[in-house]
There are 2 protein chains.
Amino acid sequence: MNSRDEALALDRADPLGALRDQFALASSTIYLDGNSLGVPPATAAQRAQTVIAAEWTQGLIRSWNSAGWFALPRHLGNKLAPLIGAAENEVVVTDTISINLFKLLSAGLRLQNERDPKRRVIVSERSNFPTDLYIAQGLIEQLDRGYELRLVDDPAELPDAIGDDTALAMITHVNYRTGYMHDMAALTQLIHRKGALALWDLAHSAGAVPVDLNGVDADYAVGCTYKYLNGGPGSPAFVWVPQRHQNAFTQPLSGWWGHRAPFEMNPQYRPDDGVGRFLCGTQPMVSMALVECGLDVFLQTDMQAIRRKSLALTDLFIELVETRCSEFPLQLVTPRTHAQRGSHASFEHPHGYEVMQALIARGVIGDYREPRVLRFGFTPLYTRYVDVWDAVETLRDVLASEAWRAPEFATRGAVT
Amino acid sequence: MNSRDEALALDRADPLGALRDQFALASSTIYLDGNSLGVPPATAAQRAQTVIAAEWTQGLIRSWNSAGWFALPRHLGNKLAPLIGAAENEVVVTDTISINLFKLLSAGLRLQNERDPKRRVIVSERSNFPTDLYIAQGLIEQLDRGYELRLVDDPAELPDAIGDDTALAMITHVNYRTGYMHDMAALTQLIHRKGALALWDLAHSAGAVPVDLNGVDADYAVGCTYKYLNGGPGSPAFVWVPQRHQNAFTQPLSGWWGHRAPFEMNPQYRPDDGVGRFLCGTQPMVSMALVECGLDVFLQTDMQAIRRKSLALTDLFIELVETRCSEFPLQLVTPRTHAQRGSHASFEHPHGYEVMQALIARGVIGDYREPRVLRFGFTPLYTRYVDVWDAVETLRDVLASEAWRAPEFATRGAVT
């Protein structure tokens, strides 16, 4: 592509172009961080008012029934299910990815312990998002029964790392830093062939790339609603357990929302039949209600259309950076192969942190990830082709002018 | 009291009377269920708009720093601390009571295992709110190391039940059903004398009765922000760990928010120094932000003033029910002794469920708890003396007319 006009032409022809109007996003903002925090659906502010001014203020305690609050984790789970190839009553929206991973890892290790107690290894990648590793470490330390977390440095090492000592492979579908995407079908098959369980983290997949959990016969999954699903800052995560695993499984976070009859107030825990047993405590309803605003936008399109545009956006971004910023030390870390690419593109730069701060100061909002990585997320529901063009032009300016060397871009905040 | 006018006179003289205006509560609603879900602070709707339309929409990802989102669990914890006798940097608002109990029980059992491995018993009450018992059961089953949950049927049995085999006593300060309140200082002393740790659940205490965690030298506490603290439906819970216990402790829900440097993305978990290590995953910011609206009201009064009015309200309610409904089979289950009473009053009635539904239909909102208990919560920030009078008159009407026998009041919903 050689001109901004070509990008504008692509936007005019974009079948998803009209969906941007359903988000509260200023035209002047080039937001390439929807893989970290999605933008607000246009309906979110009104939905919050309804929850507060009608459901809470008028309905008060009655809204647990009358406004469907108590049922919301299951209701939203069913609405989310088609986006990830899950069936009805297999998904609940609840808690956080970290907490949900603890539930699934606990249940999975327990299941494997019954089947084949010598399987004591959880396999994952060192480059996984850290909380996944931290939770596995916490569980292993707590159990104190010789479990081990085995980390590989490269996806190519996974086939050898997963063996007859492996209870479970905990794999993030799309890497948060590089954008590398695993072949979920092939890897699940490999994991099963080795006798292990396949746990998928869909944090950077749900709403970004097509996922077919039941189609690939996966065992468990967790994911995030505040990234590509646009649920709002810190909105509750989701957890998927296929029907075949639900009733055989137990997990230690056995709070009252997972009880089969929570209002009987029985002092003995008896888990719900089905996915309800993956719930634990009372959920934050205002944040949770907003998840539905994001999911409703997805009803107007499908994951295939989203994927087509996602690849077109990341292709264009990579092409433009490599042609228009070729004199600068930018190194693509995201795979060029479509089948291995999620919906973001990352480049290393020796001064990645400072460059990203300078970009943000000019209204191009991506983010920085250690070490040296400039990360740009492309969210087909609201990212325009012209945003890609403008972002690369701004990047070129920042690099050519060395604007990133200004002292104010060197200070690191708590969250970057 | 013999007339409604006397109640109105008490309201006019009430030093807390003006605070009701800071809540969005219709004058016609007699809401006696603030011990289950508090009413909205008047500022809550606007605060939600600010979070959504300014912080999320304008600030986008930057608001994790610029709007203080990332710091909010600690900020709110520090604001809540004075209400429960906690110090700075001892409280975080996060997750749910169930999840937080799991953290504390795990940490406590581990600490005791290092000190005295023969201590394998958690003591609690069978009448405790069930989720507390369920979480202890889940942890004990997961650990599978001979731990035991020992339940007593009466508080008087606690001294004998807590012995040299006891690791920890998990006690709810105010019973959710009966309103019975323990003597926290005396019981903590007893627990310590027996060599056990004292874990307090403040679900029905925080914002309702004076609590002095450091004063009584307690070991851990959890509590709720959506009841007397008016944080909103399902708003995140809080967890308290005193300074002396913080750095010796580990808990298995070791998510990235508890890491000492979460954005270094190190694959090895290293807990934060201090209370930060009791955090786990990303928190729901819209729900969490509203917690501050509720806490801000408490800055205008103090727990002693709240306690005085709370006792006056429950005294009046008990007196009026017993004098004006004396011909009906209502049996007080809440202690008459002030020192043993929280901020709600409960009566058993053979048809408690139906009677409560009939009351709710007439605009007197209390709630029902198995078995047979009519539960009425009194929240001094917004409950008026005239509400007490009117509630009892409505109760008398419902009982005298037998309106509760109407078929529509017999059907049980999912949440009551």
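Conventions adopted
Residues numbered from 1 in each chain as written. Chains lettered and ligands numbered in written order. Predicted model: local features only at pLDDT ≥ 70, side-chain atom pairs only at ≥ 80, totals over all residues. Heavy atoms only, no water. UniProt positions renumbered as here; feature names shortened; annotations may be inferred. Domains from an automatic or database assignment. Contact = heavy atoms within 4.5 Å. Buried area = accessible area lost by both parts, 1.4 Å probe. Salt bridge = Lys/Arg side-chain N within 4 Å of Asp/Glu carboxyl O. Polar contact = N/O pair within 3.5 Å; in protein donor to acceptor, adjacent residues only side chain to side chain. Helix = DSSP H or I, 4+ residues; strand = E, 2+ residues; numbered from the N terminus. Nonpolar A, V, L, I, M, F, W, Y, C, P; charged D, E, K, R; others polar. Least-squares fit on C-alpha atoms with pLDDT ≥ 70 in both. Pairing = 2+ DSSP bridges. Axes fitted to C-alpha atoms, helices over the stretch in contact; angles between N-to-C directions. Core = buried A, V, L, I, M, F, W, Y, C linked by side-chain atoms within 4.5 Å. Buried < 20%, exposed > 50% of the residue type's maximum accessible area, 1.4 Å probe, protein only.

Chain A is annotated in an unreviewed UniProt entry as Kynureninase of Paraburkholderia megapolitana. Taken from UniProt, the Sequence similarities (unreviewed entry) comment for chain A reads in full: "Belongs to the kynureninase family." Comment text from UniProt for chain A, heading Function (unreviewed entry), reads "Catalyzes the cleavage of L-kynurenine (L-Kyn) and L-3-hydroxykynurenine (L-3OHKyn) into anthranilic acid (AA) and 3-hydroxyanthranilic acid (3-OHAA), respectively."

Participant: How should I be thinking about the domain arrangement of chain A in this particular structure?
Facilitator: Note: interface size is frequently given as the accessible area lost on complex formation between the parts. All names here are of chain A. Looking at the assigned domains, one finds that chain A contains domain 1 (4-42 + 302-409) and domain 2 (68-299). Centre-to-centre separation of domain 1 and domain 2, based on C-alpha positions: 29 Å. Listed by partner, the interface residues are 36 residues for domain 1 and 24 residues for domain 2. Between domain 1 and domain 2, roughly 2,300 Å² of surface is buried when both sides are summed, and carbon and sulfur atoms account for 62% of that area. A per-residue breakdown of the area domain 1 buries against domain 2 is headed by Pro41, Met303 and His344, which together make up 22% of the total. Along the contact surface separating domain 1 from domain 2 lie zero salt bridges. Between the two partners, domain 1 and domain 2, sit 13 residue pairs in polar contact (both at pLDDT 80 or more). Secondary-structure elements contributing two or more residues to the side of domain 1 that touches domain 2 are α11 (303-324), β10 (344-348) and β13 (373-377). Grouping the amino acids of the side of domain 1 that touches domain 2 by side-chain chemistry returns 15 nonpolar, 15 polar and six charged.

Participant: What's the story with the relation of the copies chain B and chain A in this structure? I'm lost.
Facilitator: The two chain copies are connected by a rotation around an axis plus a translation along it. Each copy superposes on the other: chain B lies on chain A with an RMSD of 0.0 Å after a rotation of 180° and an axial shift of 0.0 Å. What we have between these two chains is a two-fold relation. Looking at the rotation axis and the C-alpha trace of chain B, the residue lying nearest is serine 287 of chain B, at 2.6 Å. Residue by residue, 100% of the interface of chain B is reproduced at the interface of chain A, so both copies engage with the same surface.

Participant: It is not clear to me how the sheet that holds strand β3 (residues 121-125) of chain B should be interpreted in this structure. Could you clarify?
Facilitator: The strands making up a sheet are joined through hydrogen bonds of the backbone, oriented either antiparallel or parallel. All names here are of chain B. Here seven strands make up an open sheet; going across it, the order is β2-β8-β7-β6-β5-β3-β4 and the pairing mixed. Both outer strands of the open sheet, β2 (91-93) and β4 (148-152), are each paired with one neighbouring strand and no more. Put simply, the sheet's adjacent strands are angled 20° from each other on average, direction ignored. Direction of pairing for strand β5 (residues 166-172) relative to strand β6 (residues 197-201): parallel, over a ladder of five bridges. Bridge pairing links leucine 168 to leucine 197 in β6.

Participant: How should I be thinking about the nonpolar core in this particular structure?
Facilitator: Nonpolar side chains in soluble globular proteins generally cluster together in the buried interior. Counting 237 residues, the largest nonpolar core has Ile84 of chain A together with Ile84 of chain B as its most contacted members. Per-element tally for this core: the top contributor is helix α10 (residues 285-298) of chain A, with 10 residues. With sequence-adjacent residues up to four places away left out, isoleucine 84 of chain A is seen in contact with Val91, Leu202, Ala206, Val211, Asp212, Leu213 and Phe238 of chain A.

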